[in-house]
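Here's the letter readout for the chains.
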Amino acid sequence: MSRRGRVTVGVLVGVFLLFTLLGWGIDAYTDYLWFNEVDFVNVFSGVLITRVLLFLAVGLAVALVIGANLYLAYRLRPLLRPHSAEQATLERYRMVIGPRLGTWITVLCLIIGFFAGLSAQGRWKDWMLFQNGGNFGVTDPQFKVDIGFYVFEYPLWRYILGVAFTAVVLSVLGALAVHYIFGGVRLQGVGDRMTTAARAHLTTLVAVFVLLKAVAYILDRRALLLEQHVSPGLYGAGYTDVNALLPAKEILAYISVVVAIAIIVFSNAGMRNLVWPGVSLGLLAISAVAIGGIYPLAVQNFSVKPSLADKEAPYIQRSITATRTAFGLDTTKITQYQANNVTPQSGLTADTSAQNARLVDPQLVSQAFTQSQQSRGFYDFGKKLDVDRYTVAGKTSDYVVGAREINDDKLTTQQRNWLNRHTVYTHGYGLVAAPANQVVCGGLPYFVSGFLGDEDRQANCSSASDQIPVEQPRIYYGEQSTEYAIVGQSDKNKKVEFDRPQQSNTNAEELYTYDGTGGVAVGSFFRRLVFSIKLTESNFLLSDAVNKDSKLMYIRDPRSRVEKVAPFLTIDGDPYPAAVDGRIVWILDGYTTSASYPYSQKINLANETKDELTGQGTFALARDDVNYMRNSVKATVDAYDGTVKLYEFDDQDPILKAWNKAFGGDLIIPKADTPADLAQHFRYPQDLFKVQRNLLTKFHVTEPRAYFSGQDFWQVPNAPDSPSSNVKQPPYYLNIQLPEQTDTRFQLTASVTPANRENMAALISGSYINNQPTLQVLELPDQTVIPGPVQVHQKMTNNAAVRQQLSLLSTNNSQAQVLYGNLISLPVESGILYVEPVYVKTGNQENAAPLLQKVLMSYGDGGTYVVLADNLKAGLQALVNQGKQAGNTTGEDPGQTDNNTGGTPPTTLPTELGQAATELDTAIANVKAAQQSGDFAKYGEALQALDAAMTKFQNIQKAANATPTTSPSGSPSASAPAASTPATPTPSTTG
C-alpha cells in the first residue's frame, strides 16, 4: 500500500474511532447526569465499573491465551526445513509475516479479545449475582445442593467454561496455522509430518480441551435439573436421567481425564506419534455415544415407557413441588365451592359483593374521560384507564382513575414546532377519578376529582367538589411523556409553560413555570453542547428558551425510569397513578426472576402475560424464559419531580437481597419503611397473576398420577365477546368479599374452565392480607352445569328478549355499535352471578365515546335467568323476581317484570306518555349531536334539557301507573342515582 493509501486508511479509522468514542462518551456522561438527578449514581457506577472490568478481564485473558500460543508456536518453529514445493510457496508468507510477527499477533489477539470482552460485559448480572448471592435455604431434591448455587453460581460457571472452550479451540487453530506456515507441520516432503515440538504443543492443547470436556460433564449433571426431561413435558431430571444419564455423565468425566492423560503420554513420553492419541479420542467419542446416548435410550424405551406413570411419579412430584414454590403457588388456598344454587334468591339484592360489581370498564371509558374532562384536543388519558380504591366519606370503594396528560401526537401542526413541543406543552394536569359502578348523563362516568376548573364540573354529571384532592396536580412524568421537556426560567415572573385553560375564559390559558427538583440542569454552554450533539438539536445552543436556569427532563415515562434505575428487575406492564399524601405518584410492580431454579417449569413471560388488553394501554413483557418469579419490589415515580423509589415488598426473596447488596445495601427501601398511605394503594400485580393463573390450570393438581393423566387440567377462556380471536380473557379488579373470606378485599379475579370445555371450573383470586400476597381458588364440582365466560355471554346475548333489546340499542342510530365490557363472574348466594355492562358507541368517528347504557346479568346456568337492566339494583331485583315467578302456578310469564327482563313490549302507549317519550328521544339526539360536535356549552345545555325531559317522562309515567318494558330506561349504576345524578334514558321506539 502506498503512503497516501496508508494515510487515507489511518484518517478514516481515526474518524471512525473518534465518532464512536465520542458517542459512547456522550451517552455515558448524559446517563451519569440522569442517574445523579434521580440519586441512583451507585447503580450507574456499579454497572459501568463491572462491565468495564469484565470487558478488560475476559478480553485480556482470551487475548493472552491465544497470543501466548501463537508466539509459542513461532518459537517452536524448526530452524531447518526440508526443501519442497510446499515450503517454497509458504516462504513468501513467512517473508511478510516474520518481520512484523509481533504486530500481527497483537492485532489479531486484540480483535479477538475485543469481541470476547464485549460478550463478557453483557454478563454483568451473572457476575454481580455470583459475587453477592447467598442461600435460598432450600436444597434441590437430587444432589441436596442449595438452590442458591443454581441461581447465583451455575450461570457464570457455564459461561466461563464456554469462554475457556473458545480460547482453547482458537488457540489450537491459530497454533496449527503458525506451525504450518513456519514448517512445524508439513503436508509434503520426506520425514515426519510434524516436529516433536509442534506435536507436544498441539497435543497439550487438545488434552486441555478434553479436560474442559470433563468439567462440562460435571456441570451437565447439574444442568439436567434445569432441562425438560420429565414426562409429561416437565422440567428436571426424570427416571432415565437419574438412573442412566447421571451415572453416564460421571463415567464420561472420568474417561475424559484418562484420555487427556493418555494423549500427553502417548504423544510425547511414549511412542511419540498421533496414532494412540487419535485412538483415545475415538474411544471417548464412542463412549459418549454408547454410554451417554444408547444406554439411556435403551433404559427409556425398555424400562420406563412400559410403566411410564409409575417410573416418573417421584420426578413429577419434584416438578410440581418446585414449580409451586418457585412461582409462589405453594400457599394457594383451594376451597370447594358447590355452586348448587341455580335459582336467584331474595338475598341477592342485599349481597354486598353483588352490589359492588364493577360496571365501568377501564378499557372502554377512556374516550369518555378524554371527551368529558378536557377542554383542549391534545389532552389524553391513554387507551386504558386503571382501577384503584379510595376512601371517600368514610366508605372505601373502587374507582376508575386516569392521569390527564398531553399527547404530543394530538398537537396541531402549528403547535408541533420545537419550541411548543419542548418548552410550552410540557405537562399534564390532574388525576381524574370516577366510581367504578356509577354512571350519569347518558352513560358517562360520575367524575369526582381532577377538574381543570369550575367550568369543568358539569351540572349533574360530576361532583360539586374534588373528592380525591391533590396538592400538586401537574404531571411532568407520565405514560404519554414521550418527548423531552425544557423547563425553568431565569426570570421567575416569566411563564411560558401551558398549565390549563383559564376558568373565566375557556379560550385563554394559564401559564406556569416549573419549580420542582426534577430535570438535569443544562444552563452551562458545555452541557447545552453535549445535549445538542446527543439529541441532534441545534436549538440547545441557539434558542433563548434554553437559559442559565433551564432543566432538561428526559426518560420521563414511569416504566422506562424504573427500568433504568433497576435494570435487574422485570417491570409489570401496567403502571397506575395514585393520589398519595397529596401528590400524584405512579406505582409499578417489579419482579425478580431466574431461569435456573431446579425442576421448576420454564415459561415465556411474553406468552404467559398476553391477553386481550396487551398493547391496548398495557406493555407487553419481553420474551424471557424464566422458572422463578417474585413480586419483590413496589416502585414509585413522582409525577411532578420524577423521583424514583424502590420499596421492598417480598422481604424473603434471596435474589432481591443479592441485588441490594451488590449496590451498597441501601438501594431498596425496607418494607417496614413503606408509607402507610402508599401501601393502601398496592394491588396484586396483573402480570404475576396471569403467570400464576396459567400455571394453576395444571399445577393445582398435586398428585403425580392425576397430573400424568391430565384429566383435571383447566384452561384460561378466550375473551367472551370475541372467542374466535384466540386472545385470553384478562383478569379484573373487584372490591368484594368472596366465600371463605372474612372481609371485603380489593382483589384480582379470573375464571378458568376445564381443558377443552366451556363450563366453569374454578374462580381464582389474588389479594393482599396485611401486605402479604394471598391466592385463593374456589373450585367447582367436576360435573357442574355452571357455564364459563364464553358460554354465558353467548347464552345471555342469544336470549330472545335480550337480543331484541340489544338490536334496539343499535337500530335507534344506524351508526351505533354495541360493545361489551368486562364479564364478571361472582360467587354469591351459593351460585354464580354474571354481570356484563353494555355500552353503545354512536357516530362514525373512531374516537367517539362508548356510553354505558345497560347491564346484562344472569344467574345460575346463564340461560334460564337473564335480564338486561338499567342498573345493578334493578337487575338484581329482576333476577330475584324471575326466581320467585319460576315456581308460581298462576300462569304469569316470569319474563314480565318491571325492570327490563326481556318481556314483550306493549304495542301502544297513552298519548301523553308517548308525547313525553318523543320529547325524550329528541333530547337524547340533541345530547349525542352536541357531544360529537365537541361544543361543551351546547353539550351542557342539551344535558339540562335532557334532565327536564326525563323528569317530565317519569312524572307522566307514575301518573299513568305504567312501566312498559321498552320505555326509556335509566343508565346503569350500582344504585338508584341521587337527584343530582339523574339517569339518562335510551330512545323509545314506540313513543
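The preceding data block contains the structure.
Residues numbered from 1 in each chain as written. Predicted model: local features only at pLDDT ≥ 70, side-chain atom pairs only at ≥ 80, totals over all residues. Heavy atoms only, no water.

**As for the packing of helix H10 (residues 308-326) against helix H20 (residues 686-699)**
The cut-off we apply is this: For every element, the axis is a line fit to its C-alpha atoms; helices are fit only across the contacting stretch, and the angle between N-to-C directions ranges from 0 to 180 degrees. Helix and strand labels come from DSSP, where a helix needs a run of H or I of at least four residues and a strand needs a run of E of at least two; each type is numbered from the N terminus. For classification purposes, an angle smaller than 35 degrees is called roughly parallel, one larger than 145 roughly antiparallel, one from 65 to 115 roughly perpendicular, and anything else oblique. Crossings are assigned a handedness: left-handed for a near helix turned anticlockwise from the far helix by less than a right angle, right-handed for a clockwise turn. When checking whether two residues touch, look at their non-hydrogen atoms; a contact exists if any pair is within 4.5 Å. Each residue is assigned to one of three groups, with Ala, Val, Leu, Ile, Met, Phe, Trp, Tyr, Cys and Pro labelled nonpolar, Asp, Glu, Lys and Arg labelled charged, and all others, Gly among them, labelled polar.
Closest axis-to-axis distance for the H10/H20 pair is 11 Å, and the angle between their directions is 160°. With respect to H20, the axis of H10 lies roughly antiparallel. In this structure, the crossing between H10 and H20 has a hand that is left-handed. Of H20, the residues touching H10 (which contributes Ser319, Ile320, Thr323 and Arg324) are Leu695, Leu696 and Phe699. Classifying every residue of the contact of H10 with H20 gives 4 nonpolar, 2 polar and 1 charged.

**Details of the pattern of salt bridges**
To be explicit about the condition: By definition here, a salt bridge exists when the distance from a side-chain nitrogen of Lys or Arg to a carboxyl oxygen of Asp or Glu is within 4 Å. Think of it in three bands: residues with accessible area under 20% of the maximum for their type are buried, residues over 50% are exposed, and the middle band is partly exposed, with areas taken using a 1.4 Å probe on protein chains only.
All chains considered together, the criterion is met by 27 salt bridges. Across the salt bridge formed by Arg123 and Asp126, the nearest N and O atoms sit 3.1 Å from each other. Here Arg583 and Asp641 are joined by a salt bridge, their closest N and O atoms 3.5 Å apart. Of this pair, Arg583 sits in strand E20 (residues 583-594) while Asp641 sits in the loop between strand E23 (628-638) and strand E24 (644-648), and the two are 58 residues apart along the sequence. Residue class for Arg583 comes out partly exposed when judged on its relative accessible area of 29%.

**What to know about the packing of helix H1 (residues 3-38) against helix H2 (residues 41-75)**
Two numbers describe how H1 lies on H2: the axes approach to 7 Å, and their chain directions differ by 145°. Contacts from Ala28, Asp31, Tyr32, Phe35 and Asn36 in H1 reach Val41, Val43 and Phe44 in H2. Its residues assigned to classes, the contact of H1 with H2 comprises 6 nonpolar, 1 polar and 1 charged.

**Some points on the environment of Ala566**
Topologically, Ala566 is positioned in the loop between helix H16 (558-565) and strand E18 (570-571). Considered as a pair, Ala566 and Phe40 are 526 residues apart in the sequence and their alpha carbons are 9.2 Å apart.

**Description of the packing of aromatic side chains**
Keep this limit in mind: Here a Phe, Tyr or Trp ring, Trp counted by its six-membered ring, pairs with any other such ring whose centre lies within 6.5 Å, and the pair is stacked when the planes are under 30 degrees apart, edge-to-face when over 60, and tilted otherwise. Ring-over charges, as used throughout, are those where CZ of Arg or NZ of Lys falls within 6 Å of the ring centre and within 35 degrees of the ring normal.
Within this structure, the stated rule accounts for 40 aromatic pairs. On the basis of an interplanar angle of 70° and a centroid distance of 6.2 Å, the ring pair of Phe136 and Tyr597 is categorised as edge-to-face. In this pair, Phe136 sits in the loop between helix H5 (124-132) and helix H6 (147-181) while Tyr597 sits in the loop between E20 and strand E21 (603-604), placing the two residues 461 residues apart along the sequence. Here Phe136 and Tyr597 have matching classes, each one buried. Both rings, one in Phe369 and one in Phe381, keep their centres 5.6 Å apart while their planes meet at 80°; by these two values the pair is edge-to-face. With a gap of 12 residues between them, Phe369 in helix H12 (residues 366-372) and Phe381 in the loop between strand E4 (379-380) and strand E5 (386-392) connect regions that are remote in the sequence. The buried category is assigned to Phe369, whose relative accessible area is 0%. A residue is classified by how much of its surface remains accessible, and Phe381, at 5% relative accessible area, is buried. Taken together, the ring pairs in this structure connect Phe649, Phe682, Tyr684, Phe689 and Tyr768 into an aromatic cluster. One residue, Arg404, lies across the ring of Tyr379, its end atom 6.0 Å from the ring centre. The residue whose ring lies beneath Arg683 is Tyr576, and the NZ or CZ to ring-centre distance is 3.9 Å.

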